[in-house]
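The chain contents come next:
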Amino acid sequence: MESLRKTILVVDDEEGIRKSLDMILKEHYRVFTTPSAEQALQLLQTNLKNVDVIFSDILMCQMTGIQFLENVKKFCPTAQVILITGYPTIDTTVAALRLGASDYILKPFTVDEILKATRRALERKRTYQKNQEKIQELSEAIQRNYDGTIRALISAINIRDQYTAGHSYRVSKLMARFAKFLKIDSEIAEKLEIIGYLHDIGKIGIAQEILNKKSGLTSEEYEEIKLYPFIGYKILQSVDLLKDVLDILLYHQERFDGQGYPAGLRGREIPLGARMLAIVDAYDAMTSQRVYQEKQSSELSFKELREQGKSQFDPDLVESFIRMMETKGDSPIPVLQREVSSL
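Numbering of residues starts from 1 in every chain and runs along the sequence as written. Given that the model is predicted, a residue must reach a pLDDT of at least 70 before its local features are reported, and side-chain atom pairs must reach 80 or more before they are shown or counted; all residues, however, enter totals for whole chains, interfaces and linings. Just so you know, side-chain values use all the structure's heavy atoms and leave hydrogens and water out.

(A) Highlighting the overall build of the protein chain. Only DSSP runs of H or I covering at least 4 residues are called helices, and only runs of E covering at least 2 are called strands; the numbering of each starts at the N terminus. What the protein chain contains, in helices and strands, is 16 helices and five strands. Here the protein chain, with 343 residues, has 52% of them falling under the buried criterion. Put simply, 64% of the contacts in the protein chain that link residues at least 6 apart link residues at least 24 apart. Just so you have it, the protein chain exposes about 16700 Å², and 50% of that area is on carbon and sulfur atoms. Burial status follows relative accessibility: with a 1.4 Å probe on protein chains alone, a residue under 20% of its type maximum counts as buried, one over 50% as exposed, and anything between as partly exposed. Note on definitions: a residue-residue contact is assigned when non-hydrogen atoms from the two residues lie within 4.5 Å. Note on areas: Shrake-Rupley, 1.4 Å probe, and residue coverage restricted to the protein chains presented here.

(B) A look at the sheet that holds strand 1 (residues 7-11). At least two bridges found by DSSP between two strands is the condition for calling them paired. Read from one edge to the other, the open sheet built from five strands follows the order 2-1-3-4-5, with strand pairing classed as parallel. Strands at the two margins of the open sheet, each flanked by one partner only, are strand 2 (30-34) and strand 5 (103-106). Averaged over all adjacent pairs, the angle separating strand axes in this sheet is 20°, with direction ignored. Pairing of strand 1 with strand 2, which is carried by five bridges, proceeds in the parallel orientation. What sits directly across from V10, in strand 2, is T33. Across the sheet, helix 1 (residues 15-25) lies against strand 1, strand 2, strand 3 (53-57) and strand 4 (80-85), angled at about 175° from strand 2, the strand it touches most. As a rule, the C-alpha atoms of each element are fitted with a line to give its axis, helices using only the stretch in contact, and angles between N-to-C directions run from 0 to 180 degrees. Of the strands in this sheet, strand 1, strand 2 and strand 3 touch helix 2 (residues 37-45), which is tilted by about 155° from strand 1.

(C) Seen up close, the pattern of salt bridges. For this analysis, a salt bridge means a side-chain nitrogen from Lys or Arg found within 4 Å of a carboxyl oxygen belonging to Asp or Glu. Scanning all chains against the criterion turns up 19 salt bridges. The salt bridge involving R170 is made with D284; its shortest N-O contact spans 2.6 Å. One end of the pair, R170, is in helix 7 (residues 162-181); the other, D284, is in helix 13 (residues 272-286), with 114 residues separating them in the sequence. R170 sits in the partly exposed class, given a relative accessible area of 31%. Accessibility expressed as a relative area gives 3% for D284, which makes it buried. Notably, a salt bridge pairs D316 with R268, separated by 2.9 Å at the nearest N-O pair.

(D) Quick peek at helix 14 (residues 298-307). Listed as buried for helix 14 are S301, F302 and L305. Seen along its axis, helix 14 keeps its buried residues to an arc of 100°; they face one direction. Turned more than 90 degrees from where helix 14 packs its buried face, E299 and E307 sit exposed. Among the structural elements, helix 13 and helix 15 (315-325) are those in contact with the buried residues of helix 14. Directions are taken from the helix axis to each C-beta atom, and the arc is the one they span.

Right, here's the structure in full:
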C-alpha cells in the first residue's frame, strides 16, 4: 500500500501522547517519535529529510510548536505539520496558519480524528507538490512582468472555472467602487481592486469536480474548499506590490461572529478589506446565476446581507454597501469613516 511508504514524525514531550499516536498510526505508516523539538530538528536534517507529516505539540519546554514549525519549513518545506494543543488561542492559530501548518487538533483527540487529519495532510502534500511547478512559473513571471502576470493569473482562473471568471471581474469592480465610496486612499483602493480580481486564485489548487459540484459537499470536500484562501495567499506571496493587502485574500472567508475560516477571527480583528470583500463576494454570488442556485434580486440580496449582519458580515459595512448600491448617500456611516482614516 502507498500509505506504508509514508513517514510520520511525532514530536511531544508527553510520553503518553507519543505512545498513543504511535499506536494509532503505526499500522498504516512508518512512525518515528521524539520527546523534543530540538531532537526532531536533528532528525529532519539527517535521517528524515523526506518526512511526509509531522505531529507536534504546541506547548513544549524549550521550543514551542510555533517556533518548531518555523524551523521545520526551512529544512522540510513540503512536510505537512499538524499542531496539537489543549489550549487553543486565536494568536496561536493565526501564527500556525501563517507559517504553513496543515491542521490544528485539540486534546483529547480520537483515533478517527488523527487518521482523518493524516489523510488530509497527505492529500494536501500531493496537491502542494502537483502545483509547485505551476506556482514557480507564476512566481517567476510575476517578477518579470507584474501587469502581464496579473492578466495571466486571471486567465488561469477563467480557464479553470467559467463562473468564477465573470464573478472575479464583477467583484473587482464592486471592490473598486466600494473603496471609493469609503474614501479609501487611491493607492490602496487600486490594490483592493486587484485582490477582488484574484480572490479566487487559490481555487486552481482545488479539484474541479468539487468546484463544479451541483449537490451538497461532503465534509471532506468542504475541508478541501476551505484551503483555497491559503493556497491563493501562498501563490501571491512573492508579489511585492500586493504584500500589504494579502491578508484580505487570506481572511475574506472569516465571519464577523468568529465562526469563519481559516483562523476564526472575530469582528474588527478581521482586516477591513477582508470584511469588504466578504460582502461584495456574497452579494455578487446571490445576484448571479450559479450551478447550484438561481440568481435573486438586489432587494432580496440586501435583505439577506442585513439579516446576516453581526453574524457573517460587519453590519456597519453592510449598511454602507447598501447605501452605495442604492445611491442614497455619498459617504459611509461615521464609525467607518474613523476606521478608514486610520489606514
